[in-house]
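Understanding the architecture of this molecule
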Amino acid sequence: MTLAFVFRHTLPLFVRLLGPLTCFGILLGLKGIFRRRPDPRAVILYTLPLVYFFLGGGLRPTAHPIVQTLMTPLLFIAAAVVFTRPFGRPENDHSALAGLRWVVIAVSAALLLSTAGREVFLFGQQDTRRLALAWMEENVPPQFAVHTDHYALPSGKFSALSNAVGCAQALTGPPPGPPYQCLKTFSLETDSLPVHRNISVRLYAEPALWLQPGFRMPVFQRRPALTGNRVICDNGPEFLRSEKMLALVPDESPTVRWLVRTTPLAEAWLCIQNGNAANLVELSFSGARRSVSLKAGAVVWWRVPAPQSSGPRDPVHAWYRLSAQSFYGRARVLLATRPEEIGPFLFNAGNHADALPFLTSAAAATRNPALAAMALLASSRAGQPLPPATRAGLERLAAPLSTIGDDGRLRAVFGISARYLDALDFITLAATNLPPTGCPVIADQAAAGGLAMEKYAVPPALTNPPPFIMTPFLQLDPGVYTCALRVRGTEKTSTPTPWRLIVRDLFDATLVATDIVLPPLDGRRYTTVSTNFRLWAGGLCEVRIFLEPQSPVGVVLDQITLKPDVLATVQALARAGPPAAAPEPLGAQCGGFKQPVNTLFAGGLRLVSLRCSAATVQRGQVLGLDPEFRLEQPGLDLPNLAIFIHFTDAAGRIVFQGDYGLADLLHDHALQLAAPRSFYKSLTIPSSVSPGVYTLRVGVCQLNTADRLRIRASPLPQQTRAVLLAQPLRVTE
């Protein structure tokens, strides 16, 4: 069986490596062994490689790098000896034959050096198992069961059973049958040159509850990958983490990546989105180098036509080298190889005019409703009307967005569940990475092994000065986000603990201000509390999140996690488009309601109406809120205003609430006089709320002073500068 492997696999491999002319010389020299009186030189020259070939390869299929290292030099020497000094031939050969010998030697040496060069290059890259495992741990939920063949991918992240969520297989052999679909292939070389550690690995997924065949990404909020992979295999979908997006910080050495494809690139695009400081960024791709001086917040991009391969020549694989370096500040760099990558990147960066043609072509090619909605919105914001036929086609393609009210409908439209993306890591900040003010460091005992971990105890709000915790600067794309806090009390509490979450930009302007109600806390066990906020600025938001206690209760903070709220982002995108593409997003299909408010506040701001995604909601679920405003006179300081929505019980006490900054109105539409505008917010119903019926009380306040705006006119009853809505909200178990 092993000898069959030698003649079926190893022998053809040598023929491909050595070439026909060298093989002919080797066979010609074998006559020196089979003579009646063998030539001793031939016996010595051929014995070692033949013995190694039959014993080393016959008893055990030898790894190819060892085979080539030990055998190919001997075989090339044998061929060279035959052609230069044929056994039994006189030394005064014809001059033409002598010239032929030198040609054969030169060609053989060139082929050997080329093969050795490719071997050295590939051996210096990461192995495919490392690439596949790193990508899988970022882009496959841990609830998936992972099966591997003999080329195993060891990982402690995945469960042993799929639990009806899904199953992933990492294989090096033939693909599995239906219903499996290929997610990504990790291949660095052709089968004719298989370095053992770079055997091609193909990752397949079995469609189940969370993933269906032909799925498309519903959101385009990207973060650079944390894998550290130097090699990017560009054949497969990207999720929340993108290997082709780099987060640059000032560094003395450039960041280098290798892009490998099984088909050459017809074109590519390089995009730079600078941070909030003047900067110099230097890029090198496909042999072309460019240095760009950028102002704060600048966005530049350019097309690279027909990029030239930078790596070893290969009939199957094309290698492209990317080098990026930032000198003075933060910046994001994207290497886009498809229009559906550069279009959303430019759209999120606020460059709607340049994003429009990419979004239009990508929506038509991929049939992605989210891309179609972004194209319609880009056309409106850029002031570039689309041809009637193109616009009608995009509106038809984007229409299903208006019907998405739950995860099941999202999966039906996009083929992927929001829970799939919710299970993937996005931003996780441990307590030790958070700069606190007035918060002592404590040594908390971890659950496993009693290991002492440093965490922060946030003292009560009554301390002087008031304490708070803030995150480092975070680069976020526009969208709706879920912020989860893992906390416990410094002692056991029996009542809810109010905190306040504030999102500020680099200039300390408040973008979001909302309350988080922590349930009764245990003094030993941790619990996770979540809230939602929305950033819809036309560009990269560099923001900090501030957490401020609002009660005399001490809390221990373990970590903060941040993830895109996929369902809310898609619904917000649908509402941001034209009415023809997104009618009544929170209408009867979601069981929601719309209440007329028609209340005029001081300064000329009128609250026209308020939509709610549901009239009845369970504890712990997310309630969508869509207030509609109209500015009736100029000069109002919108970034300093917030709408507050109180949910009160029968006695008029506030049980829970949501506060949302009105700066989104400026970011969304550059609010115009007499033009009603709405913006989407969401509120997670606290799990500690008692079931019952709650009245909605709505008003507007100033963020810097917390003073409520006076109500000039309203048809609704008023209470403490807020209006009481007629339609209540019912909360159930």
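Definitions and cut-offs
- Residues numbered from 1 in each chain as written.
- Predicted model: local features only at pLDDT ≥ 70, side-chain atom pairs only at ≥ 80, totals over all residues.
- Heavy atoms only, no water.
- Helix = DSSP H or I, 4+ residues; strand = E, 2+ residues; numbered from the N terminus.
- Contact = heavy atoms within 4.5 Å.
- Areas by Shrake-Rupley, 256 points an atom, 1.4 Å probe, with all protein chains shown as cover.
- Phe/Tyr/Trp six-rings, centres within 6.5 Å; stacked < 30°, edge-to-face > 60°.
- Buried < 20%, exposed > 50% of the residue type's maximum accessible area, 1.4 Å probe, protein only.
- Core = buried A, V, L, I, M, F, W, Y, C linked by side-chain atoms within 4.5 Å.
- Pairing = 2+ DSSP bridges.
- Axes fitted to C-alpha atoms, helices over the stretch in contact; angles between N-to-C directions.
- Salt bridge = Lys/Arg side-chain N within 4 Å of Asp/Glu carboxyl O.
- Arc of directions from axis to C-beta.
- Left-handed = near helix turned anticlockwise from the far one by under 90°.
- Nonpolar A, V, L, I, M, F, W, Y, C, P; charged D, E, K, R; others polar.
- Lys, Arg positive; Asp, Glu negative; His and termini not counted.
- Polar contact = N/O pair within 3.5 Å; in protein donor to acceptor, adjacent residues only side chain to side chain.

Concerning the overall build of the protein chain
Looking only at helices and strands, the protein chain has 14 helices and 39 strands in total. In the protein chain, of all internal contacts separated by at least 6 residues, the share reaching a separation of at least 24 is 70%. As presented, the protein chain carries roughly 31,400 Å² of accessible surface, and 58% of it is formed by carbon and sulfur atoms.

Concerning the packing of aromatic side chains
The tally for this structure, following the rule as stated, stands at 17 aromatic pairs. Plain terms: the ring middles of F144 and Y420 are 5.7 Å apart, the flat faces sit at 85 degrees to each other, and that makes the pair edge-to-face. One end of the pair, F144, is in the loop between α6 (128-139) and β1 (145-148); the other, Y420, is in helix α12 (residues 418-422), and 276 residues separate them in sequence. As far as burial versus exposure is concerned, F144 and Y420 are alike and both buried. Ring centres of F215 and F239 lie 5.8 Å apart, and the angle between their planes is 15 degrees; on these two criteria the pair is classed as stacked.

Overview of the nonpolar core
Core analysis: the biggest nonpolar cluster contains 110 residues, and Y420, L421 and F533 have the highest contact counts within it. Residues in contact with L421, not counting those within four places in the same chain, are M217, P218, V219, F239, L240, I416 and V566. Judged by nonpolar contacts, the second largest core, of 35 residues, contains L607, I645, L662 and I685.

Focus: the sheet that holds β1
Ordered in space as β1-β2-β4-β3, the four strands form an open sheet in which the pairing is mixed. The sheet terminates laterally at β1 and β3 (181-186), the two strands that pair on one side only. Mean inter-strand twist for the sheet, computed between neighbouring axes without regard to direction, equals 20 degrees. Here strand β2 (residues 167-171) pairs with strand β4 (residues 201-206) via five bridges, running antiparallel. Among the inter-strand pairings, A168 is bridged to a residue of β4, identified as A205. Helix-sheet contacts for α6 involve β1, β3 and β4, and the interaxial angle to β3 is about 135 degrees.

A closer look at the sheet that holds strand β11 (residues 279-285)
One open sheet holds the five strands; their spatial order is β6-β9-β14-β11-β12, and the pairing between them is mixed. Looking along the sheet, the strands with just one partner apiece sit at the ends: β6 (231-233) and β12 (288-294). Ignoring strand direction, the axes of neighbouring strands in this sheet form an average angle of 20 degrees. Judged from the five bridges that link them, β11 and strand β14 (residues 318-326) form a sheet pairing that is antiparallel. The residue bridging L283 from the neighbouring strand is A324, located in β14.

Describing the pattern of salt bridges
The final tally for this structure, using the stated rule, is 22 salt bridges. Note that R338 is salt-bridged to D234, the shortest N-O span being 3.5 Å. On the criterion of sequence distance, the pair formed by R338 in the loop between β15 (331-336) and α7 (339-348) and D234 in the loop between β6 and β7 (241-242) is long-range, its members being 104 residues apart. Overall, the relative accessible area of 25% leaves R338 in the partly exposed class. Looking at D234, the relative accessible area reads 6%, which means it is buried. Among the salt bridges present, the one from E341 reaches K244, with a minimum N-O distance of 2.6 Å. Placement of E341 in helix α7 and of K244 in the loop between β7 and β8 (245-248) is noted, with a sequence separation of 97 residues between them. The exposure class assigned to K244 is buried, which follows from its relative accessible area of 2%. Overlapping salt bridges, with partners in common, bring together D234, K244, R261, R338, E340 and E341 in one network.

Regarding helix α10 (residues 388-398)
Looking at α10, one finds that the buried residues are L394, E395, L397 and A398. One side of α10 carries all its buried residues, which in axial view fall inside an arc of 165 degrees. Residues P388, A389 and R396 are exposed on α10 and point more than 90 degrees away from its buried face. Packing partners of the buried residues in α10 comprise α8 (352-366) and α9 (369-382).

Re the pairing of β2
Burial runs high along β2: five of the five residues are buried. Residues C167, Q169 and L171 line one face of β2 and the alternating positions A168 and A170 line the opposite face, and both faces are buried. Taken together, the four bridges between β1 and β2 define a ladder with parallel strand orientation. Each residue of the ladder has a partner; that of A145, found in β2, is C167.

Some words on the packing of α7 against α8
Two quantities define a packed helix pair, namely the angle between the axes and the distance from one axis to the other. Running from amino to carboxyl end, α7 crosses α8 at an angle of 145 degrees, the nearest separation of the two axes being 8 Å. With respect to the hand of their crossing, α7 and α8 are arranged in left-handed fashion. Mapping the contact onto sequence places P339, E340, I342, G343, P344, L346 and F347 in α7 and H352, D354, A355, F358, L359, S361, A362 and T366 in α8. Here the contact of α7 with α8 is composed, by residue class, of nine nonpolar, four polar and two charged.

Observations concerning unusual backbone geometry
With a phi close to 45 degrees, A306 is a non-glycine residue in the positive phi region. Along the chain, the position of A306 falls in the loop between β13 (299-305) and β14. For A306, a relative accessible area of 42% translates into the label partly exposed. At R721, a residue that is not glycine, the phi angle is positive and equals roughly 55 degrees. If you trace the backbone, R721 turns up in the loop between β37 (711-713) and β38 (723-724). Classification of R721 by relative accessible area gives partly exposed; the value is 44%.

What about the side chain of R697?
Here R697 lies in strand β36 (residues 692-702). No salt bridge is formed by the buried R697; its nearest oppositely charged neighbour, D649, is found at 8.6 Å. Polar side-chain contacts of R697 include one of 2.9 Å to the side chain of Q719. Those residues in contact with R697 that sit more than four places away from it in its chain are F644, I645, H646, T648, G652, I654, Q719, T720, A722, V723 and L724.

Re the pairing of strand β29 (residues 605-612)
Of all eight residues in β29, seven are buried, a share of seventy percent or more. Connecting strand β28 (residues 593-601) to the antiparallel partner β29 that follows it, the hairpin turn spans three residues, and G603 within it adopts a positive phi of roughly 100 degrees. One ladder, built from seven bridges, connects β29 with strand β31 (residues 622-631); its direction is antiparallel. Bridge pairing in β31 links L610 to P627.

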